[in-house]
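Examining the three-dimensional arrangement
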Amino acid sequence: LMPADPVNYVHKFASKLDLSPMTQTKALKLIDSIKKHGLNSGKSPKAIAAGAIYLAAILNGEKRTQEKVALVSNVTEVTIRNRYKEFSEKLGLKEKILEKTNAAA
């Protein structure tokens, strides 16, 4: 039995969070990068999808709380926070995120 693919959860989670198609596409691209960098190994597909959606939403200025993403994805806020931190660091997105959060402030 093959493990579930995080891509399979993106549309479901994003639609429940009322995110734009652009943010969904960004999340799918992030998941592709996550797989290429081997960051998905040993991690829950739901957690990967939730972390990617949370990160994509921030990058596209459609911020959703970790709590909302957790409720929709059935993944804990701590896990979302951990995936978000890991993905943003390993994919070199920390500066982009700082720019987005500073521009919104």
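This text follows the structure it describes.
Residues numbered from 1 in each chain as written. Predicted model: local features only at pLDDT ≥ 70, side-chain atom pairs only at ≥ 80, totals over all residues. Heavy atoms only, no water.

Attention now goes to the overall build of the protein. Looking only at helices and strands, one finds 6 helices and 0 strands in the protein. What you see in the protein, going N to C, is helices and strands ordered as α-α-α-α-α-α. Here the C-alpha atoms of the protein give a radius of gyration of 12 Å, agreeing with the 13 Å that 2.2 N^0.38 yields for 105 residues. The C-alpha extent of the protein, read off along each of the three principal axes, is 45 × 30 × 25 Å. Taken across its 105 residues, the protein has 42% of its residues classed as buried. For the protein, long-range pairs separated by at least 24 residues make up 70% of all intrachain contacts whose partners lie at least 6 apart in sequence. Per element, the accessible surface of the protein, about 6100 Å² overall, is 52% carbon and sulfur. Taken together, the 18 basic and 10 acidic charged side chains of the protein have centroids lying 3 Å from each other. (Helix = DSSP H or I, 4+ residues; strand = E, 2+ residues; numbered from the N terminus. Rg over C-alpha atoms; globule rule 2.2 N^0.38 Å. Buried < 20%, exposed > 50% of the residue type's maximum accessible area, 1.4 Å probe, protein only. Contact = heavy atoms within 4.5 Å. Areas by Shrake-Rupley, 256 points an atom, 1.4 Å probe, with all protein chains shown as cover. Lys, Arg positive; Asp, Glu negative; His and termini not counted. Charge placed at Lys NZ, Arg CZ, Asp CG, Glu CD.)

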